[in-house]
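Spelled out from the first residue to the last, the chains are:
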Amino acid sequence: MKIELYGRLREVASTQTVELSVDTPCTIAEALTALVREYPALADTLPRVACAVGDEMRTRQDILQGDETLVLLPPVSGG
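Residues numbered from 1 in each chain as written. Predicted model: local features only at pLDDT ≥ 70, side-chain atom pairs only at ≥ 80, totals over all residues. Heavy atoms only, no water.

## Focus on the overall build of the protein chain
Which entries qualify depends on this criterion: Where helices and strands are cited, they refer to DSSP runs of H or I of at least four residues and of E of at least two residues respectively, numbered from the N terminus. Computation of the radius of gyration draws on C-alpha atoms, with the globule rule given as 2.2 Å multiplied by the number of residues to the power 0.38. Relative accessibility thresholds used throughout: buried, under 20% of the residue-type maximum; exposed, over 50%; partly exposed, between the two (1.4 Å probe, protein chains only). Here the accessible surface of atoms and residues is derived via Shrake-Rupley with a 1.4 Å probe, and residues count as covered only by protein chains that are part of the display. In summary, the charge assignment counts Lys and Arg as positive and Asp and Glu as negative, without counting His or the chain termini. A charge is said to be at NZ when it belongs to Lys, at CZ for Arg, at CG for Asp and at CD for Glu.
For the protein chain, the helix and strand inventory stands at two helices and seven strands. Sequence-ordered secondary structure for the protein chain, helices as α and strands as β, is β-α-β-β-α-β-β-β-β. The C-alpha atoms of the protein chain give 12 Å as radius of gyration, which agrees with the globular expectation for 79 residues (12 Å, within 12%). Along the first, second and third principal axes, the C-alpha set of the protein chain runs to 40 × 25 × 20 Å. When burial is assessed residue by residue, the protein chain has 37% of its 79 residues classed as buried. When the accessible surface of the protein chain is totalled, it reaches about 4,800 Å², and 46% of it is carbon and sulfur. Across the protein chain, the 7 positively charged side chains and the 12 negatively charged ones have centroids separated by 7 Å.

So, in structure tokens, the structure goes:
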């Protein structure tokens, strides 16, 4: 499964794209758990990320197929 990381997530993981070996179909929550196993430093940030597949926002309970790319968007703040 392919996961794209943006913003702070990319900085922490030192990569924009991660290839995870997970059984699919799986929930987004399961994919995030597998991602933390590979990149433990992401654990503090992942509870606040927005998840998307394609142009569609998804919840952590949504199911991912093996050919889909999960996009993780960190919270944005500004003024």
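There's more to say after this.
## Description of the environment of Y6
Quick reminder of the rule: Pairs of residues are marked as contacts when any of their non-hydrogen atoms sit within 4.5 Å.
By secondary structure assignment, the location of Y6 is in the loop between strand 1 (2-5) and helix 1 (8-13). Classification of Y6 by relative accessible area gives partly exposed; the value is 26%. Along the chain, Y6 and L72 lie 66 residues apart, while their C-alpha atoms are 6.5 Å from each other. Apart from residues lying up to four places away in sequence, Y6 is in contact with Q16, V71, L72, L73 and P74.

## Digging into the pattern of salt bridges
For clarity, the cut-off: Here, a salt bridge means any Lys or Arg side-chain nitrogen found within 4 Å of an Asp or Glu carboxyl oxygen.
Counted under the stated rule, the structure contains four salt bridges. Here E56 ties to R58 by a salt bridge, and the two come within 3.3 Å at their closest N and O atoms. Classification of E56 by relative accessible area gives partly exposed; the value is 48%. Residue R58 pairs with E68 through a salt bridge whose shortest N-O separation is 3.6 Å.

## Quick word on the nonpolar core
Selection criterion: For our purposes a nonpolar core is just a set of buried Ala, Val, Leu, Ile, Met, Phe, Trp, Tyr and Cys residues, chained together by side-chain atoms within 4.5 Å.
Counting 21 residues, the largest nonpolar core has I3, L5, L35, L46, L70 and L72 as the members making the most contacts within it. Looking at this core, the elements that each hand over two or more residues are strand 1, helix 1, helix 2 (28-38), strand 4 (50-53) and strand 7 (69-73).

## Thoughts on the state of the cysteines
In protein chemistry, a disulfide is the covalent bond that joins the sulfur atoms of two cysteines. Using the following cut-off: Disulfides are defined as pairs of cysteine sulfur atoms found within 2.5 Å of each other.
The tally for this structure, following the rule as stated, stands at zero disulfides. As a non-bridged cysteine, C26 has C51 as the owner of its nearest cysteine sulfur, 12 Å distant.

## A closer look at the sheet that holds strand 1
We count it as follows: By definition, two strands form a pair when at least two bridges between them are found by DSSP. Interaxial angle, 0 to 180 degrees, is taken between N-to-C directions of lines fitted to C-alpha atoms, where a helix line uses only the stretch in contact.
Read from one edge to the other, the open sheet built from five strands follows the order 2-1-7-4-5, with strand pairing classed as mixed. Looking along the sheet, the strands with just one partner apiece sit at the ends: strand 2 (17-19) and strand 5 (56-58). Averaged over all neighbouring strand pairs, the angle between strand axes comes to 30°, with direction disregarded. Where strand 4 meets strand 7, four bridges bridge the pair, whose relative direction is antiparallel. Along strand 7, the bridge assignment pairs A52 with V71. The sheet contacts of helix 2 involve strand 1, strand 2, strand 4, strand 5 and strand 7, and relative to strand 7 the element is tilted by about 75°.

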